[in-house]
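Tertiary structure, described
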Amino acid sequence: MREQYRSTPLLESDLAPTPMDQFARWFREATAAALQEPNAMVVATATPDGRPSTRTVLLKHYDGRGFVFYTNYTSRKGGEIAENPWVSLLFPWHPIARQIIVTGSATRVSREETVAYFRTRPHGSQLGAWASEQSSVIGSRQELVGRYEELANRYPEGERVPAPPQWGGFRVVPETAEFWQGHENRLHDRLRYVRAPGEEGHGDGDKAWRVERLSP
């Protein structure tokens, strides 16, 4: 199965000064193209001895400091990040023949930031964060549903649900960010931002970056 991508070339002169600015530009365009969940991204983690694992999560915030997602810290990805903070993110925007691949390190966001986000989640999602011991073996679906129903009785709709202590956010600070644009005959554009060693900007989003063109 093959598809010929037809799109406008991506040139170095087209890029924003920083990868986060370029991401914001492409994210707006992906949203305008009505992609389903353009904030869905594949997060790859690995154990200290290099055994990888991947899963799809939802990006919940981004700014000049990086990309933020939320999870149970005792989950597989939470445990792997605790031992090996290097991760990769992939935004697979196939309908518009684009991908963004980020590599960087993940650190926990502040507890205040986690709680503030948790308050914005729907009531059912708040209960679900308590009900699921993410990545642990469970005997049956009914066991999970039973936990949820117990929590629903304890915290009925309209009552504040406390943020679980084992649940929170990670911020991925990019070291590299590749912007991939598909073209005909597999002559794709791949422009990668790489953080320039030993050079700093004036703020978290102002790191010095160089841009490399990769062969497709």
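Since the model is a prediction, treat every value here as computed from it, not as a measurement.

Helix and strand counts for the protein stand at five helices and nine strands. Put simply, the protein runs from its N terminus to its C terminus through helices and strands in the order α-β-β-β-β-α-β-β-α-α-α-β-β-β. Each principal axis of the C-alpha atoms in the protein carries an extent, and together these give about 55 × 45 × 40 Å. Evaluated residue by residue, the protein yields a buried proportion of 42% over its 216 residues. If you take every contact in the protein between residues at least 6 apart in sequence, the share linking residues at least 24 apart comes to 63%.

Now for the nonpolar core. Among the nonpolar cores identified, the biggest contains 31 residues, and Phe23, Phe91 and Trp93 are the most heavily contacted of them. With five residues, helix H1 (residues 19-32) is the largest single contributor of residues to this core. Discounting residues that sit within four places of it in the chain, Phe91 has contacts with Phe23, Pro38, Asn39, Ala40, Met41, Leu59, Phe67, Arg98, Gln99 and Ile100.

To continue, consider the environment of His61. As for its placement among the helices and strands, His61 is situated in strand E3 (residues 61-63). On the basis of relative accessible area, His61 is assigned to the partly exposed category, the value being 34%. Along the backbone, His61 and Arg171 are 110 residues apart, and their C-alpha atoms lie at a distance of 9.0 Å. If sequence neighbours within four positions are ignored, His61 has contacts with Gly66, Phe67 and Val68. A polar atom in the side chain of His61 sits 3.1 Å from the side chain of Asp63.

The next thing to look at is helix H4 (residues 123-131). Of all the residues in H4, the buried ones are His123, Gln126, Leu127, Ala129 and Ala131. The inward-facing, buried residues of H4 contact helix H3 (111-118), helix H5 (141-154) and strand E7 (167-181).

Quick look at the environment of Arg154 now. Take Arg154: it is sitting in helix H5. Accessibility expressed as a relative area gives 51% for Arg154, which makes it exposed. When the C-alpha atoms of Arg154 and Leu127 are compared, they prove to be 9.9 Å apart, with 27 residues separating the residues in sequence.

Procedures and definitions
- Residues numbered from 1 in each chain as written.
- Predicted model: local features only at pLDDT ≥ 70, side-chain atom pairs only at ≥ 80, totals over all residues.
- Heavy atoms only, no water.
- Helix = DSSP H or I, 4+ residues; strand = E, 2+ residues; numbered from the N terminus.
- Buried < 20%, exposed > 50% of the residue type's maximum accessible area, 1.4 Å probe, protein only.
- Contact = heavy atoms within 4.5 Å.
- Core = buried A, V, L, I, M, F, W, Y, C linked by side-chain atoms within 4.5 Å.
- Polar contact = N/O pair within 3.5 Å; in protein donor to acceptor, adjacent residues only side chain to side chain.

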